[in-house]
Amino acid sequence: MSLAFNRHRRLRQSTAMRSMVRENHLHVEDFVYPLFVAEGENIRKEISSMPNVFQLSLDHLLEEMEEVVSLGIKSVLLFGIPLEKDECGHGAFHDHGIVQEATRLIKEHYPELVIIADTCLCEYTSHGHCGIVENGKVLNDPSLKLLVDTAVSQAKAGADIIAPSNMMDGFVTAIRAGLDEAGFEDTPIMSYAVKYSSAFYGPFRDAAESTPQFGDRKTYQMDPANRLEAFREAESDVAEGADFLIVKPGMPYLDIVRDVKNHFTLPVVIYNVSGEYSMVKAAAQNGWIDEKSVVMEMLVGMKRAGADIIITYHAKDAAKWLKEN
Ligand SMILES: [Zn+2]
């Protein structure tokens, strides 16, 4: 008796067969590991809402880098935690700011490593917003100048990629022009092109001490309900000269990652953010999920959705797990 149907299970019958037909793979080269570098000494402070993620002062940074590099990770993303904050976020664009110093230190020891500098002001401003604030409003154009200063000082310190994250209109144009003028025409811009105003950033704000002191970021970050707006944002950044497009957060926005991948030809970066990480960690600590399986499934799901690069706090664990296999 022959019934007419397809036998999909033929290709799933053994480990070897399944691996032959596997469509997407994770590689350690896919990962970017975010680091929180803190001004001061002898700081190695675990972030309570992000188990196993630390704020590190420069004297502890190299131990961390040794581990990162030994695992085969090729790139880190730097966030800074200054000792002092002010209205304009001077620490962001100071030539001896914490990210600039950390960049120099890492480059000195690991010249091959790709250093991505987060280019924003919110970790450095007393009000915690990503730009200049006047009468309770975050101003667009005046904030661009400070972003350009930040980007140029990061490039001078040796950053390989500038990653502007503050979602001001025209930031790619402004930074491109600023970098070019300063002689950094070869420094690429990894734009946070599609960044939603997300509750998943909560634990990051503990980590980076960047919670807005009033209001929220909804006038510059995107409404989670919107899809077409993501095309508009990405189109602008492509036109302005971005070299990579970031979609942030990750998991709840995989449809957007696919859209961006299908419609643009630049490398697509997904930011698997702090809240996604913390949820997995909390569930794993409770014994409710198998951490390794869940993390690897999430990460390969991001590849399948179209991400070429994954910024993730799971990078070190995932790199270890890839080595085991
Ligand atoms: Zn910011």
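We now turn to the structure provided with this report. (Residues numbered from 1 in each chain as written. Predicted model: local features only at pLDDT ≥ 70, side-chain atom pairs only at ≥ 80, totals over all residues. Heavy atoms only, no water.)

### Notes on the packing of aromatic side chains
So, step 1. Counted under the stated rule, the structure contains 8 aromatic pairs.
So, step 2. For the ring pair F36 and F79, a centre distance of 5.6 Å and an interplane angle of 25 degrees mean the geometry is stacked. Here F36 is found in strand β1 (residues 31-38), whereas its partner F79 is found in strand β4 (residues 75-81), with 43 residues between them in sequence. An identical accessibility class is assigned to F36 and F79; each is buried.
So, step 3. One aromatic cluster is present, built from ring pairs that chain together F36, F79, Y192, F204, Y271, Y277 and Y313.
So, step 4. When the ring centre of F54 is taken as reference, the NZ or CZ atom of R44 above it lies at 4.0 Å.
So, step 5. One cation-aromatic arrangement involves K195 over Y192; the distance from NZ or CZ to the ring centre is 5.2 Å. (Phe/Tyr/Trp six-rings, centres within 6.5 Å; stacked < 30°, edge-to-face > 60°. Helix = DSSP H or I, 4+ residues; strand = E, 2+ residues; numbered from the N terminus. Buried < 20%, exposed > 50% of the residue type's maximum accessible area, 1.4 Å probe, protein only. Lys NZ or Arg CZ within 6 Å of the ring centre and 35° of its normal.)

### Details of the environment of K195
So, step 1. One can find K195 in strand β9 (residues 190-195).
So, step 2. Separated by 29 residues in sequence, K195 and P224 place their C-alpha atoms 9.1 Å apart.
So, step 3. Not counting residues up to four positions away in its chain, the partners in contact with K195 are S165, M167, Y201, Q221, M222 and K248. (Contact = heavy atoms within 4.5 Å.)

### Looking at the coordination of the zinc ion
The expected angle between donors at a tetrahedral four-coordinate metal is 109.5 degrees. At an octahedral six-coordinate metal it is 90 or 180 degrees.
So, step 1. Ligation of the zinc ion by protein atoms is provided by C120 (SG), C122 (SG) and C130 (SG), these donors lying 2.2 to 2.4 Å from the ion.
So, step 2. Positions of the donor residues of the zinc ion, expressed as sequence spacing, correspond to C-x1-C-x7-C. (Donors = N, O, S within 2.8 Å, 3.2 Å for Na, K, Ca; no water.)

### With respect to the side chain of D30
So, step 1. Position of D30 among the secondary structure elements: in the loop between α1 (15-20) and β1.
So, step 2. For D30, the side chain forms a polar contact with the side chain of K303, separated by 2.8 Å.
So, step 3. Beyond its immediate stretch of four places on either side in the chain, D30 contacts H25, K303, D308, I309 and I310. (Polar contact = N/O pair within 3.5 Å; in protein donor to acceptor, adjacent residues only side chain to side chain.)

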